[in-house]
Amino acid sequence: MAGLEDLYREIILDHYRTPRNRGELDAPAVSAEGHNPLCGDEIRIFVDVRDGIVTDVRFNGSGCSISQSSASMMTSAIKGKPIDQVKAIVKKFKSMMTVDEDESPVDESLNLGDLEALQGVVKFPVRIKCATLGWNTLLDALTAAGQ
Amino acid sequence: MSLDVTAIRKDFPVLHRLIHDKPLVYLDSANTSQKPQVVIDALSNFMSHGYAPINRSAYQLAAEATDLFEGTRTALAKFINAPKAHEVIFTKNATEALNLVILSWGRANMKAGDTVLLTHMEHHANIVPWHMLVAERGIQLRWVPLTNDGQLDLTNLDSLLQGVKAFSFTAMSNVLGTINPVQQLCAAAHKAGAIAIVDACQSVPHQPTDVQAWGADFVTFSSHKMCGPSGVGVLWGREALLEALPPFLGGGNMIADVRLDGFTTAELPAKFEAGTPAIAEVIALGAAVSYLENLGMANIRRHEIEMSTYVLNSLTDRFGDDITIHGPTNPELRGATFSFAFRGIHPHDLSQVLDQANVCVRAGHHCAKPLMRILGANATARASFYLYNTQHEADMLADALDSASDIF
Ligand SMILES: Cc1ncc(COP(=O)(O)O)c(C=O)c1O
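Residues numbered from 1 in each chain as written. Chains lettered and ligands numbered in written order. Predicted model: local features only at pLDDT ≥ 70, side-chain atom pairs only at ≥ 80, totals over all residues. Heavy atoms only, no water.

**Things to note about the interface of chain A and chain B**
By a frequent convention, interface size equals the accessible area lost on bringing the separate parts together.
Then step 1. Residue-level contacts link 23 residues of chain A with 16 residues of chain B.
Then step 2. In this assembly, chain A packs against chain B so that about 1,600 Å² is buried in total across both faces, 53% of it on carbon and sulfur atoms.
Then step 3. The interface formed by chain A and chain B includes eight residue pairs in polar contact (both at pLDDT 80 or more).
Then step 4. Of all the secondary structure elements, the ones that give two or more residues to the side of chain A that touches chain B are helix H1 (4-7), helix H2 (10-17) and helix H3 (65-78) of chain A.
Then step 5. Here the side of chain A that touches chain B gets three residues from one element, more than from any other, and that element is H2 of chain A.
Then step 6. The residue inventory of the side of chain A that touches chain B, partitioned by class, reads 14 nonpolar, five polar and four charged. (Contact = heavy atoms within 4.5 Å. Buried area = accessible area lost by both parts, 1.4 Å probe. Polar contact = N/O pair within 3.5 Å; in protein donor to acceptor, adjacent residues only side chain to side chain. Helix = DSSP H or I, 4+ residues; strand = E, 2+ residues; numbered from the N terminus. Nonpolar A, V, L, I, M, F, W, Y, C, P; charged D, E, K, R; others polar.)

What follows is the structure, encoded as structure tokens:
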């Protein structure tokens, strides 16, 4: 039986209690909204992309510890990174969550850092949607930013 | 007579299952109920020894199947005190039953600018089909608001009903547990010249139902919440209204004649039962109806009032302000379905922790997003109790809740 300690790792609870990059960004930053239709969680991701770099990113909304901490860690991981690197991180994370759909190879050398703590979510399949909510919404926001 | 819950629990095999060596505490019956052995046997006996088509063949096996199938219809008519068995229509679930009435009746009777009255505590199944008519016909929706303790605020009911063509409401809220005064609401609708549609999904499994005493025009509910199999819903309607209602789904069984240039419909109930129904499931629903009747719906209701009293008292005594239980505090005004917020812990996380103790509760918006917005939450945890649940299980819920605080 997968124990709760696999799910609720200390670093996850830390990001849940003290979210990083919580808030909003004004134009020219753009945003996208994501919903988890099963549980009602809502999230909005704001991105500011300049010269191919995600110069700033914020999130707000409400949801469970997994969706909120995952979004918080995501913002820390991608802020200041070039778009192609951000997309590689998204791909690596979705692959870790077993929901990477496209065929292109995952960059195995990428280090996900704190995000590795979310590995345990895979043992609780209904929670995978919580962990990936912010990430899918980020992709929508990047599309809105013309990326 | 009070229920012998120990004996009842013996009838439900799944309640004896151990998961990780611990008993199951099933508190999700508002979502779907567990099944007694008699229902499982009815399903399996029919599948093993009696399976055949209904209505279409002369051979004995098919005639027996048809009798069993129609037997459920007759039993249901008696169970809800319907005047005539052919007023009972089988659908795939309550959602389809609601869509049938709302869309068929709405298309035949509503035009742009016509108004329907709903309430803030409706399930999506009694909202979205109306929204579809808003898009299709340009009808308008009006809403009965709620009081602070989760009852319908009927202060302005008569003016809300003015000029309304249909009043469609739940008999019991699947989120708040609130039991609505159905009889009074139907009478008010009729006085205003509106028809009354009652979503009785949460009420039929838990208390006696008398559609004539209610004075309702249409009533819908689901088999799977009343100890029967999934795959069957029920629509009851007044004969004259069903006769006037255009068919909903077209195909086999629902026709009198089909020609190259058109069709005529069959008599009730076939008119609304297009295609092959869930034959075995309908027959097993008959076993669920007699199971519930033998226990007595009034006794089930009494058990649930006792459960509600215990749950409300024990949770508030133990957790005080750390728990917010939505809905009426008077057990007479509610069913044993409790949505709650606990110590700021997100319902999803809460249900995950409860699962460690095999305590099954639902976390989410319960298909009532407009109501959730009014409650100021995007999700709640919901524990719902039925005829097989005990006070001991309510204590296990409370113990499991306590353990959630160790993590968050
Ligand atoms: C009040 C209410 N109405 C309608 C429904 C829909 O029932 P079903 O899912 O069986 O179609 C439900 C079930 O969740 C309900 O609780």
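There's more to say after this.
**What about the packing of aromatic side chains?**
Two aromatic rings, taken as a pair, are described by how far apart their centres are and by the angle between their planes.
Residue and element names in this part refer to chain B.
Then step 1. Within the structure shown, the criterion is met by 11 aromatic pairs over all chains.
Then step 2. Taken together, a centroid distance of 4.8 Å and an interplanar angle of 65° make the contact between Phe12 and Tyr388 edge-to-face. Taken together, the residues Phe12 in the loop between helix H1 (5-10) and strand S1 (18-19) and Tyr388 in the loop between strand S17 (380-384) and helix H14 (391-404) connect sequence positions 376 residues apart. Taken individually, Phe12 and Tyr388 each receive the classification buried, so the pair is uniform in this respect. (Phe/Tyr/Trp six-rings, centres within 6.5 Å; stacked < 30°, edge-to-face > 60°. Buried < 20%, exposed > 50% of the residue type's maximum accessible area, 1.4 Å probe, protein only.)

**Focus on the sheet that holds strand S1 (residues 30-35) of chain A**
All names here are of chain A.
Then step 1. Read from one edge to the other, the open sheet built from three strands follows the order S1-S2-S3, with strand pairing classed as antiparallel. Edge positions in the open sheet fall to S1 and strand S3 (53-62), since each of these has one partner strand only. Pairwise comparison of adjacent strand axes, ignoring direction, gives a mean angle of 20° for this sheet.
Then step 2. As judged from the six bridges shared by S1 and strand S2 (residues 42-50), these two strands associate in the antiparallel manner. By the bridge assignment for S2, His35 is matched with Glu42. (Pairing = 2+ DSSP bridges. Axes fitted to C-alpha atoms, helices over the stretch in contact; angles between N-to-C directions.)

**Structural notes on the pattern of salt bridges**
Residues and elements named next belong to chain B.
Then step 1. The full count for this structure, using the stated rule, is 28 salt bridges over all chains.
Then step 2. For Asp399, the salt bridge is made with Arg318, and the minimal N-O distance between the two is 2.8 Å. Of this pair, Asp399 sits in helix H14 while Arg318 sits in helix H11 (residues 297-319), and the two are 81 residues apart along the sequence.
Then step 3. By relative accessible area, Arg318 is classed as partly exposed at 38%.
Then step 4. Connected via shared salt-bridge partners are Arg318, Asp322, Arg343, Asp399 and Asp402. (Salt bridge = Lys/Arg side-chain N within 4 Å of Asp/Glu carboxyl O.)

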